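Notes for the structure review
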Amino acid sequence: MSDLTAALDADGLTCVVGAGGKKTTMYALAAESDRAVVTATVRIPIFDPHVASVAVTEDPLATLMTATDWPLGLVPEREFEDRYRGYDPDTVDEIGAAHDGPVLVKADGARMRDFKAPGENEPRIPEQADTVIPVASAHVVGEPLSEELVHRPERVAAVAGIEVGDEITPEVVGRVLASPEGGLRGVPPGAAAIPLVNKVDDDEDLDAAREIADATLHHADRSIVPRVVLARMADADVREIVE
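Residues numbered from 1 in each chain as written. Predicted model: local features only at pLDDT ≥ 70, side-chain atom pairs only at ≥ 80, totals over all residues. Heavy atoms only, no water.

Quick look at the overall build of the protein chain
Quick note on the threshold: What counts as a helix is a DSSP run of H or I of at least four residues, what counts as a strand is a run of E of at least two, and both are numbered from the N terminus. The quantity called the radius of gyration is restricted to C-alpha atoms. Its globule counterpart is 2.2 Å times the number of residues to the power 0.38. The buried label applies to any residue whose accessible area, calculated with a 1.4 Å probe on protein chains only, is under 20% of its type's maximum; exposed applies above 50%, and partly exposed to all values in between. Residues count as neighbours in contact if any of their non-hydrogen atoms are within 4.5 Å of one another. Under this rule, positive means Lys or Arg and negative means Asp or Glu; His and the chain ends count for nothing. By convention, the point assigned to a charge is CZ for Arg, NZ for Lys, CD for Glu and CG for Asp.
Within the protein chain one finds seven helices and 15 strands. For 243 residues, the compact-globule estimate of 2.2 N^0.38 gives 18 Å, and the C-alpha radius of gyration of the protein chain, at 17 Å, lies within 12% of that figure. Seen along its three principal axes, the alpha-carbon backbone of the protein chain occupies a region of about 50 × 35 × 30 Å. Counting over 243 residues, the protein chain shows a buried share of 55%. Of all intrachain contacts in the protein chain linking residues separated by at least 6 positions in sequence, the fraction that spans at least 24 positions is 70%. Taking the average place of the 22 positive charges on the side chains of the protein chain and the average place of its 46 negative ones, the gap between the two points comes to 4 Å.

This is the structure:
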């Protein structure tokens, strides 16, 4: 198991949620595994360059049983020119039960923003998920809470107890990552949540990420959240693990 996979506890059915590097994280994890499956329970941009092959199929289990090229993408339909549709969470549970290796799942959307709190019908996490990875970018620290960097800023404001337009502090990011209405929403009983602070590109980002990690662990249910990973996922580089 790679250091990245071990840090994120991503060797089973793993759902990636939040904003600021979900897809990059999934593809980095897939690249470090011998037998990874990449899939989604929501729409996902075309990701063929990041896997050995993509099977567009309503019968993913049959495809899985005969697969020889890894990492393998599994999706039910090409819905738009630039996007695939995702499976129902129950189908992804079946994929996870049938596959001996990581199943990496995009389980919500963020419209390319760096931070978010989930909407009313998100995330779409399978009941048998082993691990949930809530992602946020270190780059939002010091910026105003607005739609420029944040998906659903009004939801972030409600979860963190601030107002839209206020400064995003490490405390704000930590509160959202640790909240049952934020990063921990929908985590199934028995699953672990490993928050990931991404885009830790320099020492200033690292200082901010450490403060986010401390705030997250202060507010989180530690029986669910054992640690926070600080990383630059564009390079698959774990900068630090905070426990």
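Overview of the sheet that holds strand β6 (residues 77-80)
Quick reminder of the rule: Pairing between two strands is assigned when DSSP locates at least 2 bridges connecting them.
Pairing is antiparallel across the open sheet formed by three strands, whose spatial order is β3-β7-β6. Strands at the two margins of the open sheet, each flanked by one partner only, are β3 (44-45) and β6. Bridging between β3 and strand β7 (residues 83-85) involves two bridges; their strand directions are antiparallel. When the sheet's bridge partners are listed, Ile 44 is paired in β7 with Tyr 84.

Side note on the layout of surface pockets
Inclusion rule: Cavities and pockets were defined on a 1 Å grid built from protein atoms only: a cavity is a group of points that admits a 1.4 Å probe but offers it no way out, a pocket is an open group of points flanked by protein on both sides within 12 Å along at least five of seven lines, and a lining residue is one with an atom within 4 Å of any such point. Grid points are joined across faces, edges and corners, and a volume is the space filled by probe spheres set on the points.
Here the largest pocket is characterised by a volume of approximately 700 Å³. Every residue lining the largest pocket is counted, 33 residues in all, and those nearest its centre are Lys 23, Lys 106, Gly 109, Ala 110 and Arg 111. When residues of the lining of the largest pocket are traced back to their parent elements, those giving at least two are α2 (22-31) and β7. If one sorts the elements of the lining of the largest pocket by residue count, α2 sits on top with three residues.

A short note on the packing of helix α5 (residues 153-160) against helix α6 (residues 170-178)
Our working rule: A fitted line through C-alpha atoms serves as each axis, taken over the contacting stretch for helices, and the angle formed by two N-to-C directions is quoted from 0 to 180°. Any angle that is under 35 degrees is reported as roughly parallel, and any over 145 degrees as roughly antiparallel; angles of 65 to 115 degrees are reported as roughly perpendicular and all others as oblique. For this scheme, ten residues count as nonpolar: Ala, Val, Leu, Ile, Met, Phe, Trp, Tyr, Cys and Pro. Four count as charged, namely Asp, Glu, Lys and Arg, and the remainder, Gly too, count as polar.
At their nearest, the axes of α5 and α6 sit 9 Å apart, and the two run at 90° to each other. Taken together, the axis directions place α5 and α6 in an arrangement best described as roughly perpendicular. Between α5, through Val 156, Val 159 and Ala 160, and α6, the contact on the second element is made entirely by Val 172, Arg 175 and Val 176. Looking at side-chain class alone, the contact of α5 with α6 contains five nonpolar, no polar and one charged residues.

What about the nonpolar core?
Heads up, the rule is: Residues enter a nonpolar core if they are buried and are Ala, Val, Leu, Ile, Met, Phe, Trp, Tyr or Cys, with the set joined through side-chain atoms within 4.5 Å.
Judged by nonpolar contacts, the single largest core of 52 residues is most densely connected at Leu 74, Phe 115, Val 156, Ile 168, Val 173, Val 197 and Leu 230. The residues contacting Phe 115, other than those within four sequence positions of it, are Ala 19, Ala 136, Val 140, Leu 149, Val 150, His 151, Val 156, Ile 168, Val 172, Val 173 and Val 176. Counting residues in each nonpolar core, the second largest holds 26 residues, with Leu 4, Ala 10, Tyr 27 and Phe 47 among its members.

What about α5?
Looking only at α5, the buried set comprises Pro 153, Val 156, Ala 157, Val 159 and Ala 160. In this structure, the buried residues of α5 make contact with β9 (115-116), β11 (150-151) and α6. In the stretch just after α5, Gly 161 is the one whose phi turns positive, near 75°.

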